[in-house]
Amino acid sequence: MPKPTIANGDPCWIDLMTSDPERSREFYTRLFGWTYEEGDQEKYGGYITAFANGSMVAGMMKNDPDFGYPDVWTTYLRVEDIQKTADAAVAAGGQVFMPPMEVPEQGHMAMLGDAGGAAIGAWQFGGHTGFQSTGEPGTPYWHELHTRDYPASVKFYQDVFGWDTDVMSDTEDFRYTTLGSGRDSRAGIMDASNFLPEGVPANWQTYFAIENTDAGVDIATSLGGKVVHPAEDTPFGRIAALTDPTGALFRIAQR
């Protein structure tokens, strides 16, 4: 598959903050067939890059328990100017969790909070230009924000990341806006105010393509993962929501 085209504002990368990198590596290897390369400890803190069929698709890093954060997958959006993006996020009602910083020879990153409280990464390309493959088994193919403050969240991504949005649904039961439209959509924002559990903040979720969702659920649970939402058929494929052995949430879909 050719490398995906990633425009400014598009999801461009994901990485996993994990309390047990070795266990996480084994889990995703068994589930998706991933292989790994570990970066220089001094320069990159031992950052792990995951590959699916030889293509770079995700990263992993050690979750320092002193930080008090749960293990989590993070989505990054591509930006042209990391500092302008951070400033725009604050002006639009968000916040800066981690200010812009340079990753030597790779690019610049920041961690932001959107207007609904969800964490979102921003990445300014350098040597690292994002996913090398998407949509194939073992690779990410969809990125979705679940938010309690739907109107403010949609406006935030329009204002800060320049999203050209399309309203896919606007009913009491299902409000959903996409980045782009139809087959050209690249991410979604869901009004989750009626179903996000109390105490669970707004959050971004990553969908991975898989050859067989039910088999994937069996593999995940045999390795210590848990089912959050059982596999079900949808217009977008057979989808299940899982947590990995250290509690990070993700979704798999047989398309």
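Before reading further, recall that the structure is shown in the block above.
**Q** What exactly am I supposed to notice about helix 5 (residues 213–222) here?
**A** The α-helix winds at 3.6 residues per turn, so residues separated by three or four positions along the chain end up facing the same way. Residues T213, G216, V217 and A220 constitute the buried set of helix 5. The buried residues of helix 5 all sit within an arc of 100 degrees when viewed along its axis, so they share a single face. Residues D218 and S222 are exposed on helix 5 and point more than 90 degrees away from its buried face. As for helix 5, its buried residues are in contact with helix 1 (21–32), strand 14 (226–234), strand 15 (237–243) and strand 16 (249–254). Near the N-terminus of helix 5, the side chain that reaches the backbone nitrogen of D214, with its oxygen 3.1 Å away, is that of N212. Residue G224 follows helix 5 closely and has a positive phi angle near 100 degrees.

**Q** Sorry if this is basic, but what is going on with the packing of aromatic side chains here?
**A** Here the distance between the centres and the angle between the planes together describe a pair of aromatic rings. All told, the structure shown has 22 aromatic pairs when counted by the stated rule. Seen in terms of ring centroids, F208 and F250 are 6.0 Å apart; in terms of plane orientation they differ by 75 degrees. Their pairing is edge-to-face. One end of the pair, F208, is in strand 13 (residues 203–209); the other, F250, is in strand 16, and 42 residues separate them in sequence. For the pair shown, F208 and F250 are each scored as buried. One aromatic cluster in this structure is built from F27, Y28, F32, W34, W73, F208 and F250.

**Q** Sorry if this is basic, but what is going on with the side chain of D71 here?
**A** Structurally, D71 can be placed in the loop between strand 4 (55–62) and strand 5 (72–79). Buried charge without a salt bridge: D71, with K62 as the nearest opposite-charge side chain at an N-O distance of 8.1 Å. At 2.8 Å, the side chain of D71 and the backbone nitrogen of S19 are in polar contact. Of the polar contacts made by the side chain of D71, one reaches the side chain of T246; its length is 2.6 Å. Contact partners of D71, with chain neighbours within four places excluded, come to M17, T18, S19, N63, T246, G247 and A248.

**Q** What is the right way to look at the pattern of salt bridges in this model?
**A** Close approach of charged atoms allows side chains of opposite charge to pair. Under the criterion given, the structure shown has nine salt bridges. Taking the shortest distance from any N to any O, the salt bridge between D159 and K155 comes out at 2.5 Å. Within this pair, D159 and its partner K155 are both found in helix 4 (residues 150–161), separated by four residues, close to a single helical turn. Taking the relative accessible area as the measure of exposure, D159 reaches 44% and is therefore partly exposed. Linked through salt bridges whose partners overlap, the residues forming this network are D170, E172, R175 and D191.

**Q** Whenever I open this one, the nonpolar core confuses me. Can you help?
**A** In a soluble, globular protein the nonpolar side chains are often hidden away together inside. In this structure, Y28, F32, W34, W73, F250 and I252 are the most contacted members of the largest nonpolar core, which totals 37 residues. Contacts of Y28, omitting those with residues within four sequence positions, involve L16, G33, W34, Y36, M60, W73, D244 and F250. Among the nonpolar cores identified, the runner-up in size contains 23 residues, and A122, L145, A187 and W204 belong to it.

**Q** Looking at this structure, how should I read the pairing of strand 15?
**A** Note on strand geometry: in a regular strand, side chains alternate between the two faces of the sheet. Counting buried positions along strand 15 gives six out of seven residues, so the element sits mostly inside the fold. Here strand 14 pairs with strand 15 via six bridges, running antiparallel. Within the sheet, the bridge partner assigned to D233 lies in strand 15 and is R238. In sequence, strand 14 turns back onto strand 15 through a hairpin of two residues. As paired elements, strand 15 and strand 16 share six bridges and run antiparallel to each other. For A240, the partnering residue across the bridge sits in strand 16 and is I252.

**Q** How do you make sense of the sheet that holds strand 16 when you look at a structure like this?
**A** In any sheet, the strands associate via hydrogen bonds between backbone groups, in a parallel or an antiparallel arrangement. One open sheet holds the eight strands; their spatial order is 10-11-12-9-13-16-15-14, and the pairing between them is mixed. In the strand order of this sheet, the two ends are held by strand 10 (165–170) and strand 14, each with one partner. Each neighbouring strand pair of the sheet contributes to a mean axis angle of 20 degrees, computed without reference to strand direction. The sheet contact formed by strand 10 and strand 11 (residues 175–179) spans five bridges and is antiparallel. When the bridges of strand 11 are listed, D166 appears paired with T178. Against the sheet, helix 1 contacts strand 13 and strand 16, and its axis sits at roughly 10 degrees relative to strand 16. Packed on one face of the sheet, helix 4 meets strand 9 (140–147), strand 10, strand 11, strand 12 (187–191) and strand 13 and runs near 160 degrees to strand 12.

Criteria and thresholds
Residues numbered from 1 in each chain as written. Predicted model: local features only at pLDDT ≥ 70, side-chain atom pairs only at ≥ 80, totals over all residues. Heavy atoms only, no water. Buried < 20%, exposed > 50% of the residue type's maximum accessible area, 1.4 Å probe, protein only. Helix = DSSP H or I, 4+ residues; strand = E, 2+ residues; numbered from the N terminus. Arc of directions from axis to C-beta. Contact = heavy atoms within 4.5 Å. Polar contact = N/O pair within 3.5 Å; in protein donor to acceptor, adjacent residues only side chain to side chain. Phe/Tyr/Trp six-rings, centres within 6.5 Å; stacked < 30°, edge-to-face > 60°. Lys, Arg positive; Asp, Glu negative; His and termini not counted. Salt bridge = Lys/Arg side-chain N within 4 Å of Asp/Glu carboxyl O. Core = buried A, V, L, I, M, F, W, Y, C linked by side-chain atoms within 4.5 Å. Pairing = 2+ DSSP bridges. Axes fitted to C-alpha atoms, helices over the stretch in contact; angles between N-to-C directions.

Shape descriptors only; they carry no functional weight alone.
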